[in-house]
Every structure is written in structure tokens, then in C-alpha cells.
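For reference, the chains in residue letters:
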Amino acid sequence: MTKKSYLLDTSIILDDIQNIPHLYQNARNQLFINDVVLEELDKKKDLPNETGYFAREFFRCINSDKTLKSHHKIRTIEGDFFKEVMFSKSPYEIPITLIYRQKYKTAGLDHGLNDAKIAEIANDYGFILLSNDISLKIRSLAKGIPAQSLYRDRVENPNDIDFWHYFNLHKDSPLEKLSLDERFCKLKNWSLIAISEQDNTESSLYFTGKKHFGIKLDGKFEEFRLDEILEESDPYIKPINLEQKMLYAMLIHPKNRVTIATGSTGSGKTLMALQAGVHLVKKGVVDGIIYMRNTVTATDKESELGFRKGDEAQKLSYFMYPLYSAINFTIDKLQEQSLAKKIEYRGEVNTIEKKDATEYFLQKHHIEIVDIAHARGITIGKKFVIFDEVQNASNATVKLIGTRIGEESRVLFLGDWAQIDHPYLTKFRNGAVSLLQKALQDDILAGIQLRQTIRSDIAAYFGEQF
């Protein structure tokens, strides 16, 4: 196999530090970075988010004191300086060559100067430029520079991921008989089951129209009597379609610890998550609700929470619209129910700032808002954790949150895999689709895609026509 020489763009390192051993392939490839990448990493190492963490982690793993053998096969261009360092992260010891260029031919650009300098090095030395910055990749390819993206954990058809499985069963057969079905036996735990009831006359078999819904759990079919579940738990806002009912029923199930639920705006995923969390708090299953959301916006190249005005709570409030919207919708409905509720939740309801009623709701139901940057080094015990906008999180961030979950806690990942704001992720490669893919295979994960949306006529028009 021919050894490949990769020049790594900043985006590869900031995507996931584990990309380095993945690319090195046990010495089958050579890895290079240039001084521009080091400068960009240095500027980002103080950011209080995932980007800052990976920049700091890179520098922590670099050991420049070891004497390494030089790459004799590469002829150095005059004015360039090569320095080999060791990337040390157990169990890996990986040599990386740093290239310092005193004077770049590329100069004077108003935009994309750093990208142009990286591409210049790749072109001069015949390296493969590796970047998850699509604009840099396309510009490089247009100039004849070999350029690739790193497609680790790519899911080709996320829309085709479906957790529903359909069966027919005669009305005289007990539901337990389903466990003998060969197709049912092959399903994983938390598979969603829909059973259509059949009956027969002397000459034909027909569907009665009655259906049973539930899940596979511990090798058996467990029926969800959805109307009874809702009547008994009595959530503030009741689910209004089958998908929402199934999500709610799964979230409050005694054995459910980890769930991934995706759906576009209007599918009700955050609203149902809130109702389930409040129920679990009321029943004493958990002590409170923790809401997290990746602080990435469509206009910020990185998640720059620290640059916003105000204290931490005010900064976080910019990113918590989905939670506040769900809370305030719930409060509106509660105020409509009775005068007592209107008195209890007195005050202004505002979807942007935490006004009286919203603040009271947060306190009453023990809802905390936590920045993911503070999740490192802690263990979250006996909480219902809602991680929203997981499509804007890398797999490394998903791992970070998952490994913080302690005993008696539950975690729900929410997102819309098609709505990407992160600069280095795509709809085929992000935390949401990775979790969906895992949920198809692993018994610990429950999963559902909410495909029905409840929108105003105007919202529906723009969603369908534009």
C-alpha cells in the first residue's frame, strides 16, 4: 500500500482529536500541518466550548522534546523549516511534521488568506489536503490540488432510518404470540411495533381496523396502551399524534435510560421532552431536569458564547429559545385551564427573557440550564438530561455528555439532522445521525424519528414551497 502524505487543515483537528490516529493508520501514512494551522489553533484554545477543548487537547498532546527521524524523502523548499513533533495520546505515539514558511507567495487577500496559505503548502509539496471546510476543499480542487474531506461516521441515508416494524395478528391470537415470530426475534430492544388486527370469515381474511402499539423489550412485545398512559400520567400538554405519544411513553418508561429523537421544527420533540421530564420530576424518578444545547448559530463560524454580552445566564438565554418556547406554550395552556393556574403562573410570559411566570416554572420543576463546556469533569446524578440541537454536536461531544451521565439519570438527545449550523458537520455526518445509526443496532438506545409536523398555514407554505 502506498504511503499517503496528508496536510491537515485546522478543521480536521477541531472536528475530533481522534482523527489524528485514524489518519495515521499505524504508520501507513504521514501527517503534516503548517504554521497557519498552529496559529489558528492557538487563537481558539481559550474558547469555552468544544472548539477550544480540541485546540487545547492538541497542544497538550504535542511533545516537541523527542528527537525524531527526519523525512529524507521530502525535499525542502528554500525558506521552509521542518520540525517533527510527537503527538502522544495513549496508546498512540504519532509523529507529525510541522512546516514553517517564512514568506508565502499568497498575500493581500481580503478573505480566505489562511486557507490560501494552507493550499499553497499542499500544492508545493504534493500533499493531499485534508479539510472538512467544504469551501477550502472546492477551491483547492479547482486549482488542481488533491483535496479530501474526512468522512468518519458518515450515514448515507439518514431519512431512511426507521424504528417502526409492522406485523399482522389474528384477533384470537394473544399478543404474546408475537415473540415466536422469527422476524420479531431478530429485532433489538426498543424497536417500535405496530400490530394490525385481522379476522376472517369462512372464505377470506380481512383487517378489523384495530391496531396495537408498543415496543420490543427483553425479548417480548410490551403493549403501550397510550390513552391509559396519558390519562394516568396526566401531562400538562398531551401528545396529539401517534409519534408524540410513543416518544412520551418511551421517555417515562421505567427502563429507558438513553433516547435519540429527531424531527424538524414543529414536530413537538422539545415540548414532549419537557412534559416527560416534568412527569419524572413529579414522580420522584429524577431530582430535576438539565437542559443543554450546543451553542452554535448559523452566523457564527464557531460557537462563540463567550463573546456575547451579559453574565452566563444571559449569554445562555440567547440559545435557549426552544426550551423557553416549550415552557411558555405550556404556561399558556395551564393559564387557560383554570383561574388557580392563572394565579399560580402569574406574570408576563416572554419567549426571549425569563420573566416571572417562566422563571417560576423553571424553579418549580427544578429545571437547570447548563453550558456543555461545564460538563467536563462532573457526573450528573438522578437528572433527566435533555441535550438539544445534537445535530450541531460532533461525536466527541456526544461521548462527552454520555460519559457524564451517572446512576439513576436519563439522557435524551434531540435534533433535526437536516438543519446543520456547525461549520464542519453535514446532514450525513453529525451527532444526531450517529445516534440514530447506533439506535438501530444497540439495545441500550431507544430511537424515533418524528416525521409529522404541526405548523401554521404560513409556516407550512414556506416549508413546502421554498
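The structure reproduced in this document is the subject of the present report. The numbering scheme is per chain: residues are counted from 1 as the chain's sequence reads. The predicted nature of this model means local features are confined to residues of pLDDT at least 70 and side-chain atom pairs, given and counted, to a pLDDT of 80 or more, with totals for whole chains, interfaces and linings taken over all residues. The basis for the side-chain values is all heavy atoms of the structure; hydrogens and waters are excluded.

So, about unusual backbone geometry. Going from S90 to P91, the amide bond is cis rather than trans, its omega being 5°. The way it works is that DSSP assigns letters per residue, a run of H or I at least four long becomes a helix, a run of E at least two long becomes a strand, and they are numbered from the N terminus. Along the chain, P91 turns up in the loop between β4 (80-89) and β5 (92-101). One non-glycine residue, K382, lies in positive phi territory at about 50°. One can find K382 in the loop between β14 (367-369) and β15 (383-388).

Of note, L450 is situated in strand β17 (residues 445-450). For the pair formed by L450 and S267, sequence separation is 183 residues and the distance between their alpha carbons is 6.1 Å. Throughout, a residue-residue contact means that at least one pair of heavy atoms, one from each residue, lies within 4.5 Å. With near-sequence residues (within four places) excluded, L450 lies in contact with E243, Q244, L247, T262, G263, S264, S267 and K269.

Here a cavity denotes a set of grid points, spaced 1 Å apart and computed over the protein atoms alone, in which a 1.4 Å probe fits but from which it cannot get out, and a pocket denotes an open set meeting protein on both sides within 12 Å along at least five of seven lines; residues with an atom within 4 Å of a point are reported as lining. Grid points are joined across faces, edges and corners, and a volume is the space filled by probe spheres set on the points. In this model, the largest pocket occupies a volume close to 700 Å³. Lining of the largest pocket is provided by 26 residues; of these, T265, G266, S267, G268 and T270 occupy positions nearest its centre. Put simply, the parts of the chain that give the lining of the largest pocket at least two residues each are α10 (269-282) and α12 (321-337). Only Asp, Glu, Lys and Arg are considered charged in this grouping, and only Ala, Val, Leu, Ile, Met, Phe, Trp, Tyr, Cys and Pro are considered nonpolar; every other residue, Gly among them, is considered polar. Class assignment of the residues belonging to the lining of the largest pocket gives a composition of 8 nonpolar, 11 polar and 7 charged.

Attention shifts here to the packing of helix α3 (residues 35-44) against helix α4 (residues 50-61). Viewed as axis vectors pointing N to C, α3 and α4 meet at an angle of 125°, and their least axial separation amounts to 8 Å. Considering their axes alone, α3 and α4 lie oblique with respect to each other. For the crossing formed where α3 meets α4, the hand is left-handed. When α3 is examined against α4, the residues L38, L41, D42 and K44 are found in contact with a partner set consisting of T51, G52, A55, F58 and F59. Here the contact of α3 with α4 is built from residues that sort into 5 nonpolar, 2 polar and 2 charged. To obtain an axis, a line is fitted to C-alpha atoms, over the contacting stretch when the element is a helix, and the angle between two such axes runs from 0 to 180 degrees between their N-to-C directions. Note on angle classes: values under 35 degrees are labelled roughly parallel, values over 145 roughly antiparallel, values of 65 to 115 roughly perpendicular, and the remainder oblique. Put simply, a crossing is left-handed when the front helix is turned counterclockwise from the back one by less than a right angle, and right-handed when it is turned clockwise.

Let us now look at the pattern of salt bridges. Note on definitions: salt bridges are taken to be side-chain nitrogens of Lys or Arg within 4 Å of carboxyl oxygens of Asp or Glu. Inspection of the entire model under this criterion finds 21 salt bridges. The salt bridge partner of K186 is E182, with a shortest N-O separation of 3.9 Å. Residue K186 shares its accessibility class with E182, and that shared class is exposed. Where D227 meets K245, a salt bridge forms, and the shortest distance between an N and an O atom there is 3.9 Å. Of this pair, D227 sits in helix α8 (residues 226-233) while K245 sits in helix α9 (residues 242-251); the two residues are 18 residues apart in sequence, bridging distant segments of the chain. When accessible area is computed with a 1.4 Å probe and restricted to protein chains, residues below 20% of their type maximum are described as buried, those above 50% as exposed, and intermediate ones as partly exposed. Of the residues examined, D227 reaches a relative accessible area of 56% and is grouped as exposed.

Put simply, buried Ala, Val, Leu, Ile, Met, Phe, Trp, Tyr and Cys residues joined by side-chain atoms within 4.5 Å make one nonpolar core. Membership of the largest hydrophobic core comes to 78 residues, with the highest contact counts inside it found for M246, M292, F361, V390, I401 and F413. Here this core gets 8 residues from one element, more than from any other, and that element is α10. When near neighbours in sequence (up to four residues on either side) are disregarded, I401 contacts M292, I372, A375, F387, V411 and F413. Core analysis: the second largest hydrophobic core is formed by 44 residues, Y24, C61, I74 and I128 among them.

Taken in spatial order, the 6 strands line up as β14-β13-β15-β16-β12-β17 in an open sheet, and their pairing is parallel. Each of the sheet's edge strands pairs with one partner strand only, and the pair in question is β14 and β17. Within the sheet, the average angular offset between the axes of one strand and its neighbour, ignoring direction, is 20°. For two strands to be treated as a pair, DSSP must find at least two bridges joining them. Where strand β12 (residues 258-263) and strand β16 (residues 410-415) come together, 5 bridges link them in parallel fashion. Paired with I260 across the bridge in β16 is F413. On the sheet, α12 packs against β13 (288-293), β14 and β15 and is oriented at approximately 160° with respect to β14.

For helix α15 (residues 395-402), the full list of buried residues reads A396, T397, V398, L400 and I401. The elements touched by buried residues of α15 are α4, β13, β15, β16 and α16 (431-439).

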